[in-house]
Amino acid sequence: VRGDISIMCSEEGTYSLTFRFNPRRFKENLKRTVFRVRKGVLNTVWPLTPGIWGAVTGVVVVRVVTAKPGSWWRSGSLANLLWNIDNMFPWEKNLPTQVRVGWLSLVAGTLGLVGISFVQRSILKCLLTYQGWMWLEHGQKVSTVTKVWFSMVKALSGMKPSLYNFQGCLPSLPVPPLRQTTDKFLLSVQPLLSAEEFEDMKGKVTDFHKNEGWKLQAYLKIRTLYTTSWLWDWWEKYVYLRGRSPIMVNSNYYVLDAIAYKPTHLQAARSAGLLLAADRFKALVDWETLEPIRIQRTIPWCMKQYERIFDTTRVPGKEIDIVMHYEPDPLRYAAVSRKGVWYKVDLVVRGKNGKWRTALLHELEKQFQIIIRDSDARPAPEGENSIAALTGWHRGRWAEARENFFWEGVNKESLNMVEKAFCHIHMYDETPADMTKQAKSLLHGDGKSLWFDKSVTFGTYPNGKAGMMAEHSYADALTVAHMWEWVMTEERMHNGMYRDDGHCKGFEDASVEQVNLLPPVRVQWKIEVEACKVIAEAVAANKELCDDLDLVIMTHSAFGKGFMKKARVSPDAFFQIAMQLAYKRDSGGKRALTYEASVTRLFAQGRTETVRSLSNESAAFVDAMMDASSSPAERVKKLNAAADKHANLYKNAMVGAGIDRHLFGLYIVSVGLGYDSPFLKAALRMPWTLSTSQTPQKQTEGRWKPEKEDKHTISPGGGFGPVADDGYGVSYMFPNDDVIYAHISSKHSSSNTSSQRFEQNIAQALADIKETVELHMEETKAAKKSS
């Protein structure tokens with residue numbers, strides 16, 4: 001049971017076993033185990049529910065018990081089969097006949113329903129392999145076949161599904177045809193390579209097909225037969241956990257809160273509100289009551305990533321890290337840091353009646369007030385105040401430091417406390433001057449205060465503003481953004497969490513239960529001289545990485561997706577194409593291999609796929625825009641062709657027909673089987689000069705209206721560091737029809753990049769494309785009038 005058993009090994013090689021029995025933890029863990037077993041069964045037989053089972057089997061039992069002895073219900077072929085089964089249990093012959101009949105009819109009804117459920121789930125799984133609906137254009141008439149398909153999916157999906165009900169119904173990620181992937185790859189790199197380089201790449205592809213290609217493809221096909229997803233564990237292991245470079249800046253990402261809205265000006269109150277809201281979301285996940293995401297409330301997405309949002313920590317290893325997910329602790333708590341001091345804040349407390357309950361909002365605010373006062377009075381000493389720097393350092397060096405300085409005694413206990421917290425909250429002691437500085441403080445801070453291994457870290461500021469930093473290996477940004485959006489809306493739901501004076505509701509209110517809780521536990525460390533030297537080395541390396549990050553947040557208010565939709569161009573395609581134009585201007589005529597993140601959550605254990613936004617069509621449009629002799633009509637025609645191509649690429653990525661995950665899988669197999677593949681090496685070594693992602697919005701349908709009355713509460717999204725040393729990282733979002741936010745990152749150490757310059761080039765590209773579209777609209781309108 002979590003936290004109740006520990007095994008210690010001494011330097012002499014002797015072992016000691018410590019057992020601590022906590023009645024409440026034991027009781028709650030037992031309750032949790034029963035729940036997991038029950039939900040495991042229900043998820044397996046969904047959409048069969050206990051209510052349906054009870055009603056149907058009840059009717060069957062009554063009908064059989066009341067039937068005449070010679071009727072079909074008692075003596076038919078099915079009845080005879082059941083009697084034969086009954087004879088296999090001699091002890092039952094001592095029971096009254098009616099009891100035996102009732103028991104057998106109950107078994108028959110149950111087996112029949114399970115069989116029907118199996119058939120229903122199998123049909124639903126087959127239906128979900130169809131993705132023809134993805135290619136429906138906006139406003140296009142839906143075919144009769146698609147209408148019937150939607151109706152069947154809805155009918156087979158059951159009522160009020162819980163979080164993981166659909167997991168067993170989702171199809172597996174397919175392995176695309178080999179020739180299809182290589183053909184798409186060649187098209188994607190054609191605008192990037194010279195004619196000679198392209199012919200060389202075509203030669204590598206030809207040799208690949210003749211030699212190792214088909215063997216690697218066959219292995220992937222075989223792997224699909226015994227795994228839920230051929231990609232899931234490989235992606236996590238080789239893309240994230242085997243990486244030895246720091247995860248600070250290079251892997252982790254941040255999200256900001258609302259720009260124009262601040263629910264309270266008090267840091268302690270905001271910290272309490274975020275913590276309680278996060279705890280409520282955690283409860284929805286732990287007890288599987290969160291409604292699963294379904295496209296058009298019909299087509300389910302994989303929800304597996306949600307189970308590791310909280311209670312999860314990345315643990316360093318010398319060669320490979322692991323993602324450690326702890327079972328939910330009934331005595332849950334958060335780890336809070338301020339000025340280098342760490343505290344344990346309990347979420348489960350005893351009320352005045354002596355019974356255990358979740359801490360109330362105003363009680364948590366008082367706990368955070370104590371943390372502020374204590375850390376101001378007794379900040380952490382040098383060395384101890386920078387322990388978290390180790391988590392942002394080189395992964396191998398962090399693993400060594402962990403092994404040398406945190407393997408026993410108080411340091412081990414404190415490390416366990418920090419890592420096993422369900423989430424972290426960092427309370428900044430200074431408020432950033434602007435949005436860009438706030439973003440940098442969330443992404444890396446001072447390089448020594450944030451615990452970068454933790455799955456989720458909320459950050460709060462003295463003026464009441466907040467944000468979040470997340471580790472990337474366990475889940476994708478789309479999943480964590482859903483949680484963050486839910487948490488922010490929860491602060492405003494049910495008449496809000498805060499009073500007009502900024503304090504949490506119930507604070508010093510005699511009409512509300514006021515319990516003087518024990519103060520937060522201050523975490524103790526024992527940092528010797530040698531450990532201080534290693535920590536100082538980590539701090540210095542982290543500072544260099546932090547200082548090298550060039551980050552700019554762009555607020556584009558000239559127009560937003562409203563105009564893009566008016567121009568009948570997908571907003572995502574519009575912005576991606578604008579970035580292609582901006583980069584060519586920014587780089588002096590070069591093109592960039594562009595990564596845009598898409599999702600494959602239509603499949604079981606789906607994660608991401610790459611949309612290669614650079615295409616022959618987008619390159620042709622960019623060239624037309626840079627050609628002064630090109631007319632608006634010609635440019636718009638090429639813009640539409642590029643946008644259509646982009647939409648097609650995005651849809652293909654979502655349905656498992658992308659390029660890069662397939663190439664990645666083939667490469668992993670080639671390494672494992674000992675094949676040297678020149679093509680795969682050449683393909684995967686091409687740097688992602690532009691790494692981009694659209695930040696999601698409105699994943700909490702019904703909780704807010706960002707287009708209308710909640711427009712003032714929108715967040716500008718979040719961002720991440722650049723993937724390539726001489727490239728850009730761009731995260732963008734369209735919160736409403738009127739504005740675009742973009743988070744642009746690069747490295748100061750690169751002479752080829754400047755985030756501020758690229759921001760200006762993106763803004764100019766957007767303006768130029770808008771002008772071109774408007775000129776074409778005017779020309780078209782004039783032509784219609786003259787005719």
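Conventions we followed
Residues numbered from 1 in each chain as written. Predicted model: local features only at pLDDT ≥ 70, side-chain atom pairs only at ≥ 80, totals over all residues. Heavy atoms only, no water. Helix = DSSP H or I, 4+ residues; strand = E, 2+ residues; numbered from the N terminus. Expected span 1.5 Å × (residues − 1). Buried < 20%, exposed > 50% of the residue type's maximum accessible area, 1.4 Å probe, protein only. Pairing = 2+ DSSP bridges. Axes fitted to C-alpha atoms, helices over the stretch in contact; angles between N-to-C directions. Contact = heavy atoms within 4.5 Å. Patch = residues over 30% accessible without salt bridge, like charges linked within 9 Å, V, L, I, M, F, W, Y side chains within 5 Å. Areas by Shrake-Rupley, 256 points an atom, 1.4 Å probe, with all protein chains shown as cover. Salt bridge = Lys/Arg side-chain N within 4 Å of Asp/Glu carboxyl O. 1 Å grid on protein atoms, 1.4 Å probe; cavity = no way out; pocket = protein on both sides within 12 Å on 5 of 7 lines; lining within 4 Å. Points joined across faces, edges and corners; volume = space filled by probe spheres on them. Nonpolar A, V, L, I, M, F, W, Y, C, P; charged D, E, K, R; others polar. Phe/Tyr/Trp six-rings, centres within 6.5 Å; stacked < 30°, edge-to-face > 60°. Core = buried A, V, L, I, M, F, W, Y, C linked by side-chain atoms within 4.5 Å.

> Tell me about helix α16 (residues 477–490), residues and numbers included.
Think of an α-helix as turning once every 3.6 residues; residues three or four places apart then point the same way. Taking 1.5 Å per residue, 14 residues should reach 20 Å; α16 reaches 20 Å between its end C-alpha atoms and fits that length. When you tally the buried positions in α16, you get 13 out of 14 residues, the bulk of the element.

> Give a detailed account of the sheet that holds strand β21 (residues 728–733), specifying residues and quantitative values.
One open sheet holds the 6 strands; their spatial order is β16-β22-β21-β19-β17-β18, and the pairing between them is mixed. In this open sheet, the two strands that pair with only one neighbour each are β16 (549–556) and β18 (608–612). Strand-to-strand twist of the sheet, defined as the mean angle between neighbouring strand axes without regard to direction, takes the value 25 degrees. Summarising the sheet, strand β17 (residues 594–599) and strand β19 (residues 690–694) pair through 3 bridges and their orientation is parallel. Across the sheet, the residue bridging to Tyr595 is Ser691, located in β19. The strands that helix α19 (residues 571–586) touches are β17, β19, β21 and β22 (740–747); relative to β21, the one it contacts most, it runs at about 150 degrees.

> Talk me through a nonpolar patch on the surface; I want residue IDs and the actual numbers.
Taken together, the side chains of Trp72, Trp73, Leu78, Leu81, Ile85, Met88, Phe89 and Trp103 present a nonpolar region at the surface, about 810 Å² in accessible area. Elements with a contribution of two residues or more to the nonpolar patch: α3 (72–75) and α4 (77–86). If you tally residues by element for the nonpolar patch, the top one is α4, at 3 residues. The topology assignment puts Trp73 in helix α3. Look at Trp73 and you get partly exposed, because its relative accessible area is 35%.

> Can you lay out the pairing of strand β7 (residues 322–325) for me, pointing to particular residues and giving the numbers?
Consecutive side chains along a regular strand alternate between the two faces of the sheet. Pairing between strand β6 (residues 312–315) and β7: 4 bridges, direction antiparallel. Note that in β7 the partner of Thr313 across the bridge is Met324. Where β6 folds back onto β7 in an antiparallel hairpin, the turn is made up of 6 residues.

> Go over the sheet that holds strand β14 (residues 466–470), please, and point to the residues and values.
Pairing is mixed in the open sheet, where 8 strands are placed in the order β15-β9-β8-β12-β13-β14-β3-β20. What marks the edges here is a single partner per strand, and that holds for β15 (521–522) and β20 (718–720). Sheet analysis places strand β12 (residues 424–427) next to strand β13 (residues 456–460), joined by 4 bridges and oriented parallel. Following the sheet pairing, Met427 is matched in β13 by Thr460. Across the sheet, helix α12 (residues 361–377) lies against β8 (333–338), β9 (341–346), β12 and β15, angled at about 165 degrees from β9, the strand it touches most.

> Quick rundown of the environment of Leu284? Include the residues and the values.
Relative to the helices and strands, Leu284 resides in helix α11 (residues 267–286). Owing to a relative accessible area of 22%, Leu284 belongs among the partly exposed residues under this scheme. C-alpha separation for the pair Leu284 and Leu415, spaced 131 residues apart in sequence, amounts to 28 Å. Setting aside residues no more than four positions away along its own chain, Leu284 makes contact with Thr289, Leu290 and Trp486.

> Report on empty space enclosed by the protein, specifying residues and quantitative values.
Per the counting criterion, the structure on display carries 7 cavities of 30 Å³ or more. Estimates place the volume of the largest cavity at around 110 Å³. In terms of lining, the largest cavity is formed by Val255, Ala481, Trp484, Glu485, Met488, Thr695, Pro696, Gln697, Trp704, Ser715, Gly717 and Met733. In terms of residues, the lining of the largest cavity owes the most to one element, α16, which gives 4 residues. In this structure, the second largest cavity encloses a volume near 70 Å³. Residue assignment for the lining of the second largest cavity shows that the elements contributing at least two residues are β18 and α22 (660–673). Tallied by class, residues from the lining of the second largest cavity come to 5 nonpolar, 5 polar and 2 charged.

> Can you explain the packing of aromatic side chains? Please cite residues and give values.
Throughout the structure, instances matching the rule amount to 26 aromatic pairs. With a centroid separation of 6.4 Å and 80 degrees between ring planes, the pair formed by Tyr583 and Phe758 is classed as edge-to-face. With a gap of 175 residues between them, Tyr583 in helix α19 and Phe758 in helix α24 (residues 755–786) connect regions that are remote in the sequence. Both residues of the pair, Tyr583 and Phe758, count as buried. Ring pairs connect the aromatic residues Trp342, Trp398, Phe406, Trp451 and Trp525, which therefore count as one cluster.

> Account for the environment of Thr555, with residues named and values stated.
Here Thr555 is to be found in strand β16. With a relative accessible area of 43%, Thr555 lands in the partly exposed category. Between the alpha carbons of Thr555 and Ala742 there is a distance of 6.8 Å; along the sequence they are 187 residues apart.

> Describe in detail the nonpolar core, supporting the description with residues and values.
In this structure, Phe185, Leu275, Phe310, Phe458 and Met483 are the most contacted members of the largest nonpolar core, which totals 115 residues. Of all the elements, α11 adds the most residues to this core, at 10 residues. For Met483, the contacting residues outside a window of four places in its chain are Phe281, Ile309, Phe310, Val456, Phe458 and Met468.

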